[in-house]
Each structure stands twice: as C-alpha cells, then as structure tokens.
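Each chain, written out:
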Amino acid sequence: MNMPHTASLDHNLLNHNLFNYVLRLGDSPLILAQRLCEWCGHAPELEIDLALANIGLDLLGQARHFLSYAATLDGTDAEKNRESDEDRLAFGRDEREFRNLLLVEQPNGGFNDTLVRQFFIDAYHVLLHQALRQSRDTQLAAISNKSLKEVEYHLRFSRGWMIRLGDGTEQSHEKMQQSVNQLWRFTGELFHCDEVEQQLAEAGIAVDPRTLHEPWQQMVKDTFAQATLEIPQEPPYRQGGKQGRHTEHLGYILAEMQFLQRAYPDNNW
C-alpha cells in the first residue's frame, strides 16, 4: 500500500487552513455589512445614516474580495458539479459553515451599541490589515493593502463618536458604558489563535492574532481615556465563531440575507 508523502499531506493541510482562514477574513465583514445595512433609513441623523451605509459598502467590498479568493481555493463542488464562487459562499452555506467573529453578529441595539461594536472591530481591522500587508500570500497582501485605507476611515468615524458620546451628557455616557460592558465579553475572540492561524502564521501567510492584542488594548485605553469610559474588569470569554459555533443571532441574519438565493437558486435578475 502506497502512503502519501508527508510533504504532500502538509501542503494539503496548508491549503485547507488557508481556505478556512480566508473565509474568516471574508465572513466577518460580510456579516457586519449586513448588520450596518439594517440602519439604512433608521439612523439618528442623516449624516450618520450615510456614513453607516458607506462603511457597510466598504465592508461588503472587502468581503467580496476575500470570498472570491476563497472560492479559487475551494475549487469545484463535487456534489453539485459546479464551480465555487463568492455568491455560493455567501448565500449557499449554512450557519455552522460561517467563520465570522461573534462580535459582528451581535444585534444593532441602539446607536450606542452599534458604535461600540464598530469601534472594537475597527481598531482590530486596522491592526490586522497593517500586519497582513506583509503576508507571503500576495493576494492577501493586496486585499489588505486596499482595505487598510477604508478601515482607517472607519476607525476615525467610530473613535470620534466614542469620544463625543462618552464624554458628552450624563445620559450618553451611561449608555456608552452600558454598551461597552455588554460587548466586552466578545472581544477576546479577536486575539484567540487556533491551529489554523498558528500554522499559517508560522508559514508567513497569516497574522498571529495574539500579536495584535497589546496595540489594540492600548488603542482602546487611549480612546476610553478621552471618552471618560472604563474598561470592564471581567475578562472577555466568548469565542467559537471562527470555528463555526455562533450565537443565536446569526441564524436570523442568514435567514434574511440568503432568502432570495435559497428561494430562487441560480436565478439571474
């Protein structure tokens, strides 16, 4: 019996991990874009309405780049005898097949909840894309180089509003602190490193998320100091989204996002 060569096994594992990693990079902005689009026509000010819509469109564009790349790594769906593409990855997967961070699937709540969620992920995205530009994978580096310009704007927007409302009225400060306390438990997952990321980081392809924690923490501390907000004492503990274990909220997002494609598969509009 001929056994596969070890190098071949390592190469296959690397490709499998790369596919899953790129899905993670694409799924988080995809789900967050869907969340932000829910604000369209409902934001507290017209300027904020337009800003959230534009940020959502930026994130959707990033998701398309990553999912298109993931589709080239996925190849052909043998069961359905068709090529994988960004649309099939976005609209054809079930909840447990999504690899997005738990933070991005949390409900919009009030503007304060959306803003805190956005600030946490914006600070993370800036650091992630800064580091990922150095990836040995030229496609990932190129996508991150383009995305960095967008997420830097996103961070300016969310950070500015964090300071304005945190250091605003007594009511706005209280609401912002409540949102921070509520969402803080999801931030630990941003820096959790599993075998997928560790192997790819050692190969110079992925970013080890643990290296982003300290600069992210410092960015949060600096912003909170100006916003007169406090970092919760309770350590963040919720994780599992990157492995397909989600909160109850993702199923409802997908039910709305995937309805047309599920009801009329492969239709052209």
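Since the model is a prediction, treat every value here as computed from it, not as a measurement. (Residues numbered from 1 in each chain as written. Predicted model: local features only at pLDDT ≥ 70, side-chain atom pairs only at ≥ 80, totals over all residues. Heavy atoms only, no water.)

## Looking at the pattern of salt bridges
Okay, so step 1: Enumeration over the complete set of coordinates arrives at 9 salt bridges.
Okay, so step 2: Of the charged contacts in the structure, one is a salt bridge between Arg24 and Glu197, with a shortest N-O distance of 3.6 Å. Taken together, the residues Arg24 in helix 1 (residues 6-37) and Glu197 in helix 7 (residues 195-202) connect sequence positions 173 residues apart. There is no split in this pair, since Arg24 and Glu197 are both buried.
Okay, so step 3: The shortest N-O distance in the salt bridge between Arg210 and Asp208 comes to 2.8 Å.
Okay, so step 4: According to the relative accessible area criterion, Arg210 is partly exposed, its value standing at 45%.
Okay, so step 5: Members of the salt-bridge network, linked through shared partners, are Arg24, Asp194, Glu197 and Lys242. (Salt bridge = Lys/Arg side-chain N within 4 Å of Asp/Glu carboxyl O. Helix = DSSP H or I, 4+ residues; strand = E, 2+ residues; numbered from the N terminus. Buried < 20%, exposed > 50% of the residue type's maximum accessible area, 1.4 Å probe, protein only.)

## Details of the confidence of the model for the protein chain
Okay, so step 1: Scored by pLDDT, the protein chain has a mean of 92; 93% of the residues are at 70 or more.
Okay, so step 2: A low-confidence stretch, residues 76-81 (pLDDT under 50), is modelled with 4 contacts involving residues beyond four sequence positions or located in other chains. (pLDDT = per-residue confidence, 0-100. Contact = heavy atoms within 4.5 Å.)

## Topic: unusual backbone geometry
Only a minority of non-glycine residues have a phi that is not negative, and only a minority of peptide bonds are not trans.
Okay, so step 1: Phi angles above zero are rare outside glycine, and Thr228 is one such case at about 55°.
Okay, so step 2: Structurally, Thr228 is set in the loop between helix 8 (210-227) and helix 9 (249-257).

## Section: empty space enclosed by the protein
Okay, so step 1: One pass over the structure, following the stated rule, counts 1 cavity of 30 Å³ or more.
Okay, so step 2: In this model, the largest cavity occupies a volume close to 170 Å³.
Okay, so step 3: Lining the largest cavity are 18 residues, and of these Arg24, Leu25, Leu101, Tyr124 and Leu128 lie nearest its centre. (1 Å grid on protein atoms, 1.4 Å probe; cavity = no way out; pocket = protein on both sides within 12 Å on 5 of 7 lines; lining within 4 Å. Points joined across faces, edges and corners; volume = space filled by probe spheres on them.)

## Notes on the packing of aromatic side chains
Okay, so step 1: What the rule picks out here adds up to 10 aromatic pairs.
Okay, so step 2: Where Tyr124 meets Phe191, the ring centres are 6.0 Å apart and the plane angle is 80°; that geometry is what we call edge-to-face. In this pair, Tyr124 is assigned in helix 4 (residues 111-132) and Phe191 in the loop between helix 6 (170-183) and helix 7, connecting sequence segments 67 residues apart.
Okay, so step 3: Exposure remark for Tyr124: the relative accessible area of 9% places this residue in the buried category. (Phe/Tyr/Trp six-rings, centres within 6.5 Å; stacked < 30°, edge-to-face > 60°.)

## Considering the environment of Leu32
Okay, so step 1: If you trace the backbone, Leu32 turns up in helix 1.
Okay, so step 2: Overall, Leu32 belongs to the buried group, its relative accessible area being 1%.
Okay, so step 3: Spatially, the C-alpha atoms of Leu32 and Phe66 are 14 Å apart, while their sequence positions differ by 34 residues.
Okay, so step 4: Apart from the residues within four sequence positions on either side, Leu32 is in contact with Leu59, Val104, Arg117, Gln118 and Ile121.

## Here we look at the layout of surface pockets
Okay, so step 1: In this structure, the second largest pocket occupies an estimated 180 Å³ of space.
Okay, so step 2: Along the walls of the second largest pocket sit 13 residues, with Leu30, Leu60, Arg64, Ala90 and Phe91 positioned nearest its centre.
Okay, so step 3: Elements with a minimum of two residues in the lining of the second largest pocket: helix 1, helix 2 (46-74) and helix 3 (86-91).
Okay, so step 4: For the lining of the second largest pocket, the per-class residue count stands at 9 nonpolar, 1 polar and 3 charged. (Nonpolar A, V, L, I, M, F, W, Y, C, P; charged D, E, K, R; others polar.)

## A closer look at the side chain of Gln258
Okay, so step 1: Relative to the helices and strands, Gln258 resides in the loop between helix 9 and helix 10 (259-263).
Okay, so step 2: Take Gln258: its relative accessible area is 5%, and that puts it in the buried class.
Okay, so step 3: Those residues in contact with Gln258 that lie beyond four places of it in its chain are Ala90, Phe91, Gly92, Arg93 and Phe98.

## A look at the nonpolar core
Okay, so step 1: Judged by nonpolar contacts, the single largest core of 76 residues is most densely connected at Tyr21, Phe120, Tyr124, Leu140 and Trp216.
Okay, so step 2: When residues of this core are assigned to their parent elements, the largest contribution, 12 residues, is made by helix 4.
Okay, so step 3: The residues contacting Tyr124, other than those within four sequence positions of it, are Leu101, Leu190, Phe191, Leu212 and Trp216. (Core = buried A, V, L, I, M, F, W, Y, C linked by side-chain atoms within 4.5 Å.)

## Examining the environment of Arg245
Okay, so step 1: Within the element layout of this structure, Arg245 appears in the loop between helix 8 and helix 9.
Okay, so step 2: Arg245 has contacts with Arg96, Leu102 and Gly240, leaving out every residue within four places of it along the chain.

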